[in-house]
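What follows is the residue order along each chain.
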Amino acid sequence: MPTTHNLLEGTVSTRRPPHAAEDGGGGGEAADDSKTRKHVSIATRVTNYLTRAGYVWPILITAVAIMIISSLVVRSRDLVPASSFDGISRLFFPLDGVESDFGALGVPWCRSKHGKTVEWTSKDLLRALEEFVPIYETRPIKNNMNGMGFDHSFGLWFITRWLKPDLMIESGAFKGHSTWVLRQAMPDTRILSLSPRHPEKYLKKGPAYVDGNCTYFAGKDFVDFGSMDWESVLRKHGIEDPSRALVFFDDHQNELKRLKQALKAGFKHLVFEDNYDTGIGDHYSLRQICDQFYIRGGGHSCFRDSDEARIRYRRKKFWEKAVDTDELCGPGEAWWGVRGYMRDDFNHSNKAITYDEHFQNSRFVESVLNVYWELPPVAGPSLTHQTRYEPARSPSPVIKDGRFGLFQRLGLSRLEPSVFNGYTQMVYVQVSELDT
């Protein structure tokens, strides 16, 4: 990982083709000619015997039947999570992953103004994973129910380490786990934490984290992100350039609203923890906003006899966060947002929007977006045994299914499977005002 980076320029580069896997196989073995026999092989002798004895046709028919059954099972595996293959099925059909699942129903990726993307690669993520696992094992809150799991904890730590901001701001702290993650990434950098309830209140019921180098706007001192006098607060903490700060949102608020508020305050680097997919979630997300017909992998059909509807119906049986067409589509075939609604504030606020309004929201986001990058899952479901997020609507994982050796070598097999259940497409964005 590079030692220094310019926050505005060091995180981006022109879009490049995907990198090959870091530790791919070394290729097949060459044939060993020294073992070639010049006499008739045992297999040939057996075949000749079976032919003379009249047993060859039953054997051939059985072999063909096995091949057909194997083909059907393999074709059906894109509908079944790897963790559901157990018992005798594992004996006859070795599990090599469900990689074909990923992105099968589309992954709508917000378009940036100038086609830029992040500078880091999958190799950087792999190297960082090996460093982060032992750090994560020291976390003070072992059971962070309703909070961040391993995937997003790693994503926040990695992004923060890479950017090296002069100030870290979090909106939504809960028990303090994200504060702890930020502290592990930047041991000496100031944190500002905005949360309706102070994390120390949770200490009465169990583990929580309160940071000694953090200014809390919490409890009776709580101020919402959109109501904060950021110019005054930043000046008080010695920050002259807001673009040198990193803002982390885990407050379940309309992300379009938060994006506009951050732009107004001059912030450029934002991370949204819960970037919910279309049809689910308690707030309007960037993923939902960019789910458009003109985006590759975006847009949906509410026709219940469509291929999409049939695939969604089958996958709903295996993935908790999968959404079938009946759940996706509201009155008037409104599929955008959540059934045509723009949710906000933990779903306490619901506003119906037209498709035209949804479309204009997407165009606005694109007009201010320099970089958009969704954190991929750390590992495939055959390794993590998660059954919550829907692979068909997710980018390919850092560690592909079937690569248990790598999963184990990085220390991930030591973690409880439950820590991998919180993936919701965390996203890093870099924004700037509209081009004039």
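The chain is annotated in an unreviewed UniProt entry as DNA-directed RNA polymerase subunit beta from Perilla frutescens var. hirtella.

1. Some details on empty space enclosed by the protein
If you walk through the whole model with that rule in mind, you get three cavities of 30 Å³ or more. As a volume, the largest cavity reaches approximately 130 Å³. Around the largest cavity, the lining comprises 14 residues; the ones closest to its centre are Asp277, Lys321, Ala322, Glu390 and Arg393. Here the lining of the largest cavity is built from residues that sort into six nonpolar, three polar and five charged. Of the voids in this model, the second largest cavity is the one considered here, and its volume is about 60 Å³. Lining the second largest cavity are Asn144, Gly147, Met148, Ala173, Phe174, His177, Ser178 and Asp250. Tallied by class, the residues present in the lining of the second largest cavity amount to three nonpolar, four polar and one charged.

2. With respect to the state of the cysteines
Covalently bonding the sulfur atom of one cysteine to the sulfur atom of another cysteine gives a disulfide. Under the defined criterion, the tally for this structure stands at two disulfides. The disulfide partner of Cys110 is Cys290, and the gap between their sulfur atoms is 1.9 Å. On the S-S bond that ties Cys110 to Cys290, the torsion sits near 105 degrees, and the link is right-handed. Here Cys290 lies in the loop between helix H9 (286–289) and helix H10 (307–315) and Cys110 lies in the loop between helix H3 (88–92) and strand E2 (116–118), a separation of 180 residues in the sequence. In this pair, the class of Cys110 matches that of Cys290, namely buried. A sulfur-sulfur distance of 2.0 Å marks the disulfide that ties Cys302 to Cys329.

3. Comments concerning the layout of surface pockets
In this structure, the second largest pocket spans a volume of roughly 1,000 Å³. Classifying every residue of the lining of the second largest pocket by side-chain character gives 14 nonpolar, 15 polar and 14 charged.

4. What to know about the pattern of salt bridges
Counting across every chain of the model gives 23 salt bridges. For Arg161, the salt bridge identified is with Glu131, shortest N-O distance 3.0 Å. Linking Arg161 in helix H5 (residues 150–163) with Glu131 in helix H4 (residues 122–136), this pair joins segments that are 30 residues apart in sequence. Owing to a relative accessible area of 19%, Arg161 belongs among the buried residues under this scheme. Overall, the relative accessible area of 36% leaves Glu131 in the partly exposed class.

5. Re the side chain of Lys175
By the element assignment, Lys175 lies in the loop between strand E3 (167–171) and helix H6 (177–185). An unpaired buried charge is present at Lys175: no salt bridge exists, and Asp250, the closest side chain of opposite charge, is 12 Å distant. Residues contacting Lys175, with those up to four places away along its chain left out, are Ile141, Asn143, Pro199, Tyr202, Pro207, Ala208 and Tyr209.

6. Focus on the packing of helix H8 (residues 255–265) against helix H13 (residues 355–368)
In a packed pair of helices, the relevant descriptors are the angle between the two axes and the axis-to-axis distance. Taken N-terminus to C-terminus, the directions of H8 and H13 make an angle of 35 degrees; their axes are 12 Å apart at the nearest point. When the axes of H8 and H13 are compared, the crossing they make is left-handed. Contacts between H8 and H13 pair Leu256, Leu259, Lys260 and Leu263 from the former with Asn361, Phe364, Val365 and Val368 from the latter. When the residues that make up the contact of H8 with H13 are grouped by side-chain class, the tally is six nonpolar, one polar and one charged.

7. Brief notes about the environment of Tyr294
Here Tyr294 shows up in the loop between H9 and H10. Through-space distance from the C-alpha of Tyr294 to that of Phe359 is 9.9 Å; in sequence the pair is 65 residues apart. With near-sequence residues (within four places) excluded, Tyr294 lies in contact with Arg111, Phe359, Ser362, Arg363 and Glu366. A polar contact is formed between the side chain of Tyr294 and the side chain of Glu366, at a distance of 3.0 Å.

8. What to know about the sheet that holds E3
Spatial ordering of the open sheet is given by E5-E4-E3-E6-E7-E11-E10, a layout of seven strands whose pairing is mixed. Edge positions in the sheet fall to strand E5 (214–218) and strand E10 (369–374), since each has one partner strand and no second. Direction aside, neighbouring strands of the sheet carry axes that sit 15 degrees apart on average. Inspection of the sheet shows E3 paired to strand E4 (residues 191–195) by four bridges, in the parallel sense. Along E4, the bridge assignment pairs Met168 with Ile191.

9. A few points about the packing of aromatic side chains
Scanning all chains against the criterion turns up 29 aromatic pairs. Seen from their ring centres, Trp120 and Phe158 are 5.4 Å apart, and the 90 degrees between their planes marks the pair as edge-to-face. Note that Trp120 is positioned in the loop between E2 and H4 and Phe158 in helix H5, a separation of 38 residues in sequence. According to the relative accessible area criterion, Phe158 is buried, its value standing at 1%. Positioned above the aromatic ring of Phe364, the side-chain terminus of Lys260 is 5.2 Å from the ring centre.

10. Notes on H13
Quick reminder: α-helices carry 3.6 residues per turn. Residues three or four places apart thus point the same way. End to end, H13 covers 21 Å across 14 residues, agreeing with the expected 20 Å (1.5 Å per residue, within 8%). Buried within H13 are the following residues: His358, Asn361, Ser362, Val365, Glu366 and Val368. Those residues of H13 that are buried are in contact with H8, H9, helix H12 (336–339), strand E8 (341–344), E10 and strand E11 (427–431).

The rules behind the values
Residues numbered from 1 in each chain as written. Predicted model: local features only at pLDDT ≥ 70, side-chain atom pairs only at ≥ 80, totals over all residues. Heavy atoms only, no water. 1 Å grid on protein atoms, 1.4 Å probe; cavity = no way out; pocket = protein on both sides within 12 Å on 5 of 7 lines; lining within 4 Å. Points joined across faces, edges and corners; volume = space filled by probe spheres on them. Nonpolar A, V, L, I, M, F, W, Y, C, P; charged D, E, K, R; others polar. Disulfide = S-S within 2.5 Å. Helix = DSSP H or I, 4+ residues; strand = E, 2+ residues; numbered from the N terminus. Buried < 20%, exposed > 50% of the residue type's maximum accessible area, 1.4 Å probe, protein only. Salt bridge = Lys/Arg side-chain N within 4 Å of Asp/Glu carboxyl O. Lys, Arg positive; Asp, Glu negative; His and termini not counted. Contact = heavy atoms within 4.5 Å. Axes fitted to C-alpha atoms, helices over the stretch in contact; angles between N-to-C directions. Left-handed = near helix turned anticlockwise from the far one by under 90°. Polar contact = N/O pair within 3.5 Å; in protein donor to acceptor, adjacent residues only side chain to side chain. Pairing = 2+ DSSP bridges. Phe/Tyr/Trp six-rings, centres within 6.5 Å; stacked < 30°, edge-to-face > 60°. Lys NZ or Arg CZ within 6 Å of the ring centre and 35° of its normal. Expected span 1.5 Å × (residues − 1).

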